[in-house]
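Below are the chains, spelled out letter by letter.
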Amino acid sequence: MEYGFDITYIFDFIPKLLQVLHLTLAIVAGAIGIGLIVGLLAALPRLYKVPVLQRLSQVYTSFFRGTPILIQLFLFYYGLPELLKLVYIDVTKLPVLFFVIVTFGLNAGATISEIIRAAVTAVDRGQVEAAYSVGMSGYQAFARIVLPQAIAIAVPVFANLVIAMLKETSLAFALGVMELTGKAQTLGTLTRHFMETYIALAIIYLAVSFTLERILLLFERKLQRHMRRDAADAERRWRLWRGRKPMRERSPEVSGKEVPRYEA
Amino acid sequence: MIRLSGIRKSFGRQEVLKGIDLHVGKGEVVAILGPSGSGKTTLLRCINYLEKPGEGEIRIGDQALDARRAGKKDVHALRRRSAMVFQQYNLFSHKTALENVMEGLVVVKKMSKDEARKRGIALLEKVGLGAKLDAYPSRLSGGQQQRVGIARALALEPEVILFDEPTSALDPELVGEVLAVIRRIAKEGITMIIVTHEMGFAQDVANRVVFMDEGVIVEEGPPAQLFGNPKEERTRQFLKRLTPEASYTI
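Residues numbered from 1 in each chain as written. Chains lettered and ligands numbered in written order. Predicted model: local features only at pLDDT ≥ 70, side-chain atom pairs only at ≥ 80, totals over all residues. Heavy atoms only, no water.

Comments concerning the overall build of chain B
When helices and strands are tallied, chain B shows 9 helices and 10 strands. Since a compact globule built from 250 residues should have a radius of gyration of about 18 Å, the 18 Å found for chain B is in line with a globular shape. For chain B, the spread of C-alpha atoms along the three principal axes comes to 55 × 50 × 35 Å. Burial analysis of chain B (250 residues in total) assigns 56% to the buried set. Pairs at least 24 apart in sequence give 62% of the contacts found in chain B among residues at least 6 apart. If you sum the accessible surface of chain B, you get close to 11,200 Å²; carbon and sulfur atoms cover 46% of it. Across chain B, the mean location of the 38 positive side-chain charges is 5 Å away from that of the 32 negative side-chain charges. (Helix = DSSP H or I, 4+ residues; strand = E, 2+ residues; numbered from the N terminus. Rg over C-alpha atoms; globule rule 2.2 N^0.38 Å. Buried < 20%, exposed > 50% of the residue type's maximum accessible area, 1.4 Å probe, protein only. Contact = heavy atoms within 4.5 Å. Areas by Shrake-Rupley, 256 points an atom, 1.4 Å probe, with all protein chains shown as cover. Lys, Arg positive; Asp, Glu negative; His and termini not counted. Charge placed at Lys NZ, Arg CZ, Asp CG, Glu CD.)

Description of the UniProt feature "domain: ABC transmembrane type-1" (unreviewed entry) in chain A
In this numbering, the UniProt entry assigns the feature "domain: ABC transmembrane type-1" (unreviewed entry) to residues 21-216 of chain A. The span residues 21-216 of chain A is 83% helix and 0% strand, and its two end C-alpha atoms sit 19 Å from each other. (UniProt positions renumbered as here; feature names shortened; annotations may be inferred.)

Looking at the sheet that holds strand E8 (residues 192-195) of chain B
Residues and elements named next belong to chain B. The mixed open sheet is built from 6 strands, whose spatial order is E6-E7-E8-E3-E9-E10. Each having just a single partner strand, strand E6 (82-85) and strand E10 (216-221) make up the two edges of the open sheet. Recorded for the sheet is a direction-independent mean angle of 20° between the axes of neighbouring strands. Relative to E10, strand E9 (residues 208-213) runs antiparallel, the two sharing 5 bridges. When the sheet's bridge partners are listed, Phe211 is paired in E10 with Glu219. Against the sheet, helix H5 (residues 142-155) contacts E6 and strand E7 (160-164), and its axis sits at roughly 180° relative to E6. (Pairing = 2+ DSSP bridges. Axes fitted to C-alpha atoms, helices over the stretch in contact; angles between N-to-C directions.)

As for unusual backbone geometry
Of note in this structure, A:Arg192 is not a glycine but carries a positive phi near 65°. Take A:Arg192: it is sitting in the loop between helix H8 (180-191) and helix H9 (194-223). In this structure A:Arg192 comes out as partly exposed when scored by relative accessible area, which is 49%. Phi at B:Lys110 is positive, roughly 55°, even though this residue is not glycine. Following the sequence through the fold, B:Lys110 ends up in the loop between helix H3 (97-107) and helix H4 (113-126).

Considering the packing of aromatic side chains
Residue and element names in this part refer to chain A. Considering all chains together, one arrives at 11 aromatic pairs over all chains under this definition. Their ring planes at 45° and their centres at 5.7 Å tell us that Tyr9 and Phe13 sit as a pair that is tilted. Linking Tyr9 with Phe13, this pair stays in helix H1 (residues 7-18), spanning 4 residues, or about one helical turn. Tyr9 sits in the partly exposed class, given a relative accessible area of 25%. Classification of Phe13 by relative accessible area gives buried; the value is 0%. With a centroid separation of 6.1 Å and an interplanar angle of 70°, the aromatic rings of Tyr48 and Phe142 are classed as edge-to-face. Of this pair, Tyr48 sits in the loop between helix H2 (21-47) and helix H3 (51-66) while Phe142 is found in helix H7 (residues 138-168), placing the two residues 94 residues apart along the sequence. The exposure class assigned to Tyr48 is exposed, which follows from its relative accessible area of 51%. (Phe/Tyr/Trp six-rings, centres within 6.5 Å; stacked < 30°, edge-to-face > 60°.)

Thoughts on H5(B)
Residue and element names in this part refer to chain B. Taking 1.5 Å as the rise per residue, H5 with 14 residues should run 20 Å; its terminal C-alpha atoms sit 20 Å apart, in good agreement. Judged by how many residues are buried, H5 sits mostly within the fold: 14 of 14 residues are covered. The positive-phi residue at the C-terminal boundary of H5 is Glu157, with phi of around 45°. (Expected span 1.5 Å × (residues − 1).)

Some remarks on the packing of H8(A) against H9(A)
Residues and elements named next belong to chain A. Direction vectors running N to C along H8 and H9 enclose 160°, while the axes themselves pass 8 Å from each other. It follows that H8 is roughly antiparallel to H9 by the angle criterion. For the pair H8 and H9, the crossing hand works out as right-handed. Along the contact surface, H8 presents Leu180, Thr181, Ala184, Gln185, Leu187, Gly188 and Thr189, while H9 presents Phe194, Thr197, Tyr198, Leu201, Ile204 and Tyr205. Its residues placed into classes, the contact of H8 with H9 shows 8 nonpolar, 5 polar and no charged. (Parallel < 35°, antiparallel > 145°, perpendicular 65-115°, else oblique. Left-handed = near helix turned anticlockwise from the far one by under 90°. Nonpolar A, V, L, I, M, F, W, Y, C, P; charged D, E, K, R; others polar.)

Examining a nonpolar patch on the surface
On the surface, a cluster of nonpolar side chains totalling about 490 Å² of accessible area is made up of A:Tyr48, A:Val50, A:Val52, A:Leu53 and A:Leu56. As for its placement among the helices and strands, A:Leu53 is situated in helix H3. (Patch = residues over 30% accessible without salt bridge, like charges linked within 9 Å, V, L, I, M, F, W, Y side chains within 5 Å. Salt bridge = Lys/Arg side-chain N within 4 Å of Asp/Glu carboxyl O.)

Quick notes on the interface of chain B and chain A
Contact residues are listed per partner, giving 33 residues for chain B and 27 residues for chain A. The largest share of the area that chain B buries against chain A comes from B:His94, B:Ser138 and B:Arg139, three residues that together contribute 24% of it. Across the pair B:Glu103 and A:Arg144 runs a salt bridge, and its minimum N-O distance is 2.5 Å. The interface formed by chain B and chain A includes 12 residue pairs in polar contact (both at pLDDT 80 or more). Counted by class, the side of chain B that touches chain A contains 13 nonpolar, 12 polar and 8 charged residues. (Buried area = accessible area lost by both parts, 1.4 Å probe. Polar contact = N/O pair within 3.5 Å; in protein donor to acceptor, adjacent residues only side chain to side chain.)

Describing the UniProt feature "transmembrane region" (unreviewed entry) in chain A
All names here are of chain A. UniProt annotation of "transmembrane region" (unreviewed entry) refers to residues 20-44, 56-77, 97-120, 141-166 and 198-219 when read in the numbering used here. Between the first and last C-alpha atoms of residues 141-166 the distance is 34 Å; the span itself is 100% helix and 0% strand. This span, residues 198-219, is 100% helix and 0% strand, and a straight line between its end C-alpha atoms measures 31 Å.

Looking at the nonpolar core
Core analysis: the largest hydrophobic core is formed by 81 residues, its most contacted members being B:Leu124, B:Ile150, B:Phe163, B:Ile182, B:Met192 and B:Ile193. In this structure, B:Ile150 is in contact with B:Val85, B:Phe163, B:Val178, B:Val181, B:Ile182 and B:Ile185, ignoring residues within four places of it in sequence. Listed in part, the 45 residues of the second largest apolar core include A:Val20, A:Val100, A:Ile112 and A:Ala200. (Core = buried A, V, L, I, M, F, W, Y, C linked by side-chain atoms within 4.5 Å.)

Some words on the side chain of B:Gln144
Along the polypeptide, B:Gln144 turns up in helix H5. The residues contacting B:Gln144, other than those within four sequence positions of it, are B:Leu129, B:Lys132 and B:Glu177.

Dropping the structure here:
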C-alpha cells in the first residue's frame, strides 16, 4: 500500500498540531469566561424569581441546552450578521473565531446557569439567616456566604463542563477555524495519512483534558477543604495527591469519595 | 431594653402570634417556655426580623420599627442591635471557627482584621475553644459548634442575644457544656431572651419566665413563682407534663 501506516508520522504531526493548540484553548477559555458571566446573570433572575427576566432566562437556557451546538454555530455565524444588518450593524468583517467563542460562550452559559442554580439552592438556608442575623445585607450574604459555598459545590460539575467544552471545540472546524481538528484534517489531506493524524490528535486532546482535569481537581480540593471530615485525613490525601504515590498505597478510606457531613 | 407591642403573625390562614406584648429590661434574662407550636420560636425570629410580623412594633434600645411600614434600612438597623444563636447552630461552613466569629465584625462593623482576630480569639477562649480556632465546623462536635455560635453572637456586642432552643439539637451529653457557657455570660449582665425546653436551666438562669401557648403569653413571672405556684391552669398542665418525676413505661 502506498500510504501504509507509519508511526513516525504521529511524532511528526504532534508538534505541528501543537502550533494551533492555543486556538483551541482560546475558544475554551473565552467560552468559559463568557459562560461564567452570562451563566451567573441568567441564574440570578431565576433564583430571585424576577418576573420577566426569569422567563427570558428560561427561554435562553432551553434554547442552548435543547439544540445541537453545531446548529447554534451555523445560526450564529450565518444568521446573526443578517439579523444585525437590519439594524445597520455590520459584523461581517469580524473574524470567525469571534462567532465561535460567542456561540460556545452562550452555550456554556446555559449549562453554567443551571449549575449555579442547583448549587445555590443546595447551600443551607440557615446560614443565610445567620448572615442576616449578624447584620449582613442581602448582597453581602450572597457574596460572602452563599456564593463561595455554591462554587465549592459546583466545581466537580463545572469540571465536567470544561472537559466537554474542550472536545466540542472541534466543531469549530465546521466553520473553517483552524483549531486542532481543523489542522489535523488539513494535515491528513496533505499527507494522506489520516489515521496517524487522528491518533496524534487524540493524544493531544487526551493530554490537554487530563491536565485540565488535574488542575480542576486541585481547585476542587482547595475549595472543598471545609467539607473534609478530619484534618489529618485531608492532609494525608493532599500529600498523597501531590506526591503521586502509587494507587496501592492509598488506603480505601482515603481514596473514597467525600461525603459532606451534616449534623442533625 | 426591648419592647414588643401587639406583635401579630400569620402563616397563611393560621395565626401563630395573636398580639404579643413583652418588655425585657436591660441585663434581664428572659426564658420563653411553651409547648411546640405555641409560637415561641416565631416570636424570637420576629425580634430579629427573620420572620416578618404582620403587625406590631418592635423596639430595641432607641431603634423602633413598625411592622407595617418597615423599610430595608430599619430592618438592618434593628438586626444590628440583636444577635441570634440558632437551634441548628448555622455556622458558616466554609469558614473556620475564628473566621465565623470575625465575619460580622469585619463585614458589618468594618473592624480591621487584626482587631477582629484579637476579639475573636478572646471570645473563643472564653467559650473554651481556644484550641479550635482554625477548625472548620464540620470538624467540631455539636456542642463546640454551638459555642462558636455563641461567640459569634457575643462578638457583635448586641443589645440583646436571642437564643432559639440552643440545646435542642444536641446529644444529651453535650447539653451541659453549652448551658454552662450561656450561664456564664448571663452573669455578665448581657440581655438575653432564651427559648428553651430545659426547665431546670430556665429556673436557674432566668430572671423571668414567660409561658406561651397558642400564640399568646399565658403567664409570666419570676421562675420561683411560675414553676412553684403557677396561676394559670394551662401553665400548670404544661409543667406537669414536663416534671422530672413523670415516669415513662417503655
